[in-house]
Amino acid sequence: MEAEPRTTRGRWPHNPVIYQIYPRSFRDSTGTGEGDLRGITERLDHVADLGVDAIWLSPFFVSPMCDGGYDVADHAAVDPRFGTLEDFDALVDRAHDLGLLVMIDQVFNHTSKDHPWYKRSALREPPYENFYVWADPNPDGSPPTNWIGFFGAHAWRWNPRRRQYCLHQFLPCQPCLNHHCPELRARQNAITAFWRDRGVDGFRYDAVTAYFHDRALPDNPPADLGGAQPINPFEYQLHQHDMMPNDCAAFSAELRDAAGPDAYLLGEINGDDLSVELVRKFSRSDRLDAAYTQELPSSPKLAPTLRRLIEDGAGQGAMAWWLSSHDQPRRISRAGDGSARDARLHAGLLLALPGPVMIFQGDEIGQQQAHLEYHQLRDQFDRNYWPATAGRDGARAPLPWDSEAPNAGFGSGEPWLPIGTAEQGGVAQQRQDDESVLAFHKRALALRARLGLADAAIEIEQADGDQLVLRLQGAKGPVVVALNESDKTCPVPPRVAGREPLLGSCTLSTDGLPPRSVFWWHLDDAAPGA
Ligand code: NOJ
């Protein structure tokens, strides 16, 4: 499929590098044990120093926090635990002064059950009556379909006031909104305008493929599990009717209209269809700028998945790349040994990829997945599946600013989760060390910008099991990137043999690429960007 010419969005580069901040875990300025907006503002210089283009703030809106803030009870207000609207304005001003653009989450698929809309909808109060997805029970009282939500519960919850079922695709505390309802859409557009007026430059749309369902309410068919027994019953069915991703992609034009032509818009794709083709349906000049799936971060090995995605056309800007987030166990511990070596391996690959890139807070220092006991968990999803999965709270452990300070410099109160750890210490320690994961990120980001890799054309030069060689045609000439994801040394690609690498996640050995390493070479003899 031909790539559509890219539209310029105000001050945004075509393919930004976006640093994700999980507010509760970034920096606590008030001693409550939870991060807050002022804490973010105070430490934004660290983010700007990395050389990224933008920040994405996970939700800080009023919320009972049954799903870590993705259960919003007021989309246009700051939860007091995170501060005030004035704190938010100060954060945006500071970000802009530092040259960072600001993207926030829009959780439009569902709300908290404590949202006033839900309470009024349950009472059939106009105009809220159809704000949520309501359906009558079957004659025997059972739910209208067999649909199972993402977190493994039956997707329908009975509401005794309304005497109907309401759709819940995530937790039982998160009723789903009905995007067929024009009044709801008008309210959501007003929320978008509210944040744009406060200086927000872009939005990340949570669960954007779940906005529409099949209104005829057929059952989902079973999935062919081939004998596997997934731990989450969500995976036992094909989600053909509870989610209609193509309708959602078409609807994203309305999200664009509301946000304006200069906003950068990013969609989170989940469900069964994770194809590059679907990503492209969302990413058009009159829709979103990019979308992302969980395919790469959750694949045991990056090389084969990346190869397939690139062959499918993912490296042309429509798909945003990432390896860790607040929803996944941190990649360096999930598919690595949690070492600084593995942190550099992942960064060296991620930051070479053309297209938008997202870095989750803490990855810039090689933060490891925290191993938590059941009593330490705060996330309902994690509690449901403990100890079978590594979980989300372990990725949300607060950022260690200074591993020699009390609470690693996160704040003076008892932290809400145990503080994260990294092999080379906290931000303060790594700032002093030229060989740190932090220093490596800064070098890689500076080179990415200088070589124009964000907008480069990409080709697979060689793919062989755990080894992948990419050729990038950036603004400053061709660059070869070689990944060795195996535990053995492998040969240097012949084309660059004898050349000095521009960047290496470790020292290049005379025998070849050391185990679990990445290298970048420039093919022109002139020094890049000179
Ligand atoms: C995706 C969010 O990233 C995740 O944290 C949340 O639980 C679900 N969507 C539901 O909002």
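Residues numbered from 1 in each chain as written. Predicted model: local features only at pLDDT ≥ 70, side-chain atom pairs only at ≥ 80, totals over all residues. Heavy atoms only, no water.

Chemist: Which residues make up helix 6 (residues 245–259), and what values go with them?
Modeler: The end-to-end C-alpha distance of helix 6 is 20 Å, a good match for the 21 Å that 15 residues give at a rise of 1.5 Å each. Along its length, helix 6 shows its largest kink, about 25 degrees, at Phe251. Those residues of helix 6 not exposed but buried are Pro245, Cys248, Ala249, Phe251, Ser252, Ala253, Leu255, Arg256 and Ala259. On its buried side, helix 6 packs onto helix 5 (182–197), strand 9 (202–205), strand 10 (264–268) and helix 7 (276–282). (Helix = DSSP H or I, 4+ residues; strand = E, 2+ residues; numbered from the N terminus. Expected span 1.5 Å × (residues − 1). Bend = angle between axes of the 7 residues up to and from the residue. Buried < 20%, exposed > 50% of the residue type's maximum accessible area, 1.4 Å probe, protein only. Contact = heavy atoms within 4.5 Å.)

Chemist: Give me the nonpolar core: which residues, what numbers.
Modeler: Counting 117 residues, the largest nonpolar core has Phe60, Phe88, Ile104, Tyr205, Trp321 and Trp520 as its most contacted members. If you tally residues by element for this core, the top one is helix 14 (residues 437–451), at 6 residues. Beyond its immediate sequence surroundings of up to four residues, Ile104 is in contact with Leu57, Phe60, Phe61, Phe88, Trp195, Val200, Gly202, Phe203 and Arg204. If you look at the next biggest cluster of nonpolar residues, it comprises 12 residues, including Phe170, Phe234, Met243 and Phe381. (Core = buried A, V, L, I, M, F, W, Y, C linked by side-chain atoms within 4.5 Å.)

Chemist: Give me the packing of aromatic side chains: which residues, what numbers.
Modeler: In total, this model carries 27 aromatic pairs according to the counting rule given. A centroid spacing of 5.4 Å and a plane angle of 75 degrees characterise the contact between Phe151 and Phe170, whose relative ring orientation is edge-to-face. Taken together, the residues span a long stretch of sequence, with Phe151 in the loop between strand 6 (134–135) and strand 7 (156–159) and Phe170 in the loop between strand 8 (164–167) and helix 5 at a distance of 19 residues. On the accessibility criterion, Phe151 (10% relative accessible area) is buried. For Phe170, a relative accessible area of 9% corresponds to the buried category. With a centroid separation of 5.2 Å and 50 degrees between ring planes, the pair formed by Phe381 and Tyr385 is classed as tilted. (Phe/Tyr/Trp six-rings, centres within 6.5 Å; stacked < 30°, edge-to-face > 60°.)

Chemist: Describe in detail the sheet that holds strand 13 (residues 457–464), supporting the description with residues and values.
Modeler: Taking strand neighbours across the sheet as the criterion, the 5 strands line up as 13-14-15-17-16 in an open arrangement whose pairing is antiparallel. Where the open sheet ends on each side, the last strands, each with one partner, are strand 13 and strand 16 (503–504). Sheet analysis places strand 13 next to strand 14 (residues 467–474), joined by 7 bridges and oriented antiparallel. Bridging from a neighbouring strand, Ala457 pairs with Gln473 of strand 14. Strands strand 13, strand 14 and strand 15 (477–484) of the sheet are contacted by helix 9 (residues 302–311), whose axis makes an angle of about 140 degrees with strand 13. Contacts from helix 11 (residues 340–350) reach strand 14, strand 15 and strand 17 (517–522) within the one sheet, and its direction differs from that of strand 17 by about 35 degrees. (Pairing = 2+ DSSP bridges. Axes fitted to C-alpha atoms, helices over the stretch in contact; angles between N-to-C directions.)

Chemist: I'd like a description of unusual backbone geometry, backed by residues and values.
Modeler: Put simply, Pro126 and Pro127 share a cis peptide bond, and its omega is -5 degrees. Structurally, Pro127 can be placed in the loop between helix 4 (116–122) and strand 6. Note the cis peptide between Trp386 and Pro387, where omega equals -5 degrees. Considering the arrangement of structural elements, one finds Pro387 in the loop between helix 12 (380–385) and helix 13 (427–431). With a phi close to 55 degrees, Arg163 is a non-glycine residue in the positive phi region. If you trace the backbone, Arg163 turns up in the loop between strand 7 and strand 8. Even without being glycine, Ala207 reaches a positive phi, approximately 50 degrees. Locating Ala207 in the fold gives a position in the loop between strand 9 and helix 6. Taking the relative accessible area as the measure of exposure, Ala207 reaches 0% and is therefore buried.

Chemist: Any chance you could break down the packing of helix 11 against helix 14 for me, citing the residues and the numbers?
Modeler: Two numbers describe a pair of packed helices, the interaxial angle and the distance between the axes. Remark: helix 11 packs on helix 14, axes separated minimally by 10 Å, with the N-to-C direction vectors making an angle of 10 degrees. Taken together, helix 11 and helix 14 sit at an angle that is classed as roughly parallel. In contact with Ala340, Ala343, Arg344, Ala347, Gly348 and Leu350 of helix 11, helix 14 contributes Val437, Phe440, His441 and Arg448. For the contact of helix 11 with helix 14, a count of residues per class yields 6 nonpolar, 2 polar and 2 charged. (Parallel < 35°, antiparallel > 145°, perpendicular 65-115°, else oblique. Nonpolar A, V, L, I, M, F, W, Y, C, P; charged D, E, K, R; others polar.)

Functional significance is not addressed by these values, which are geometric in nature.
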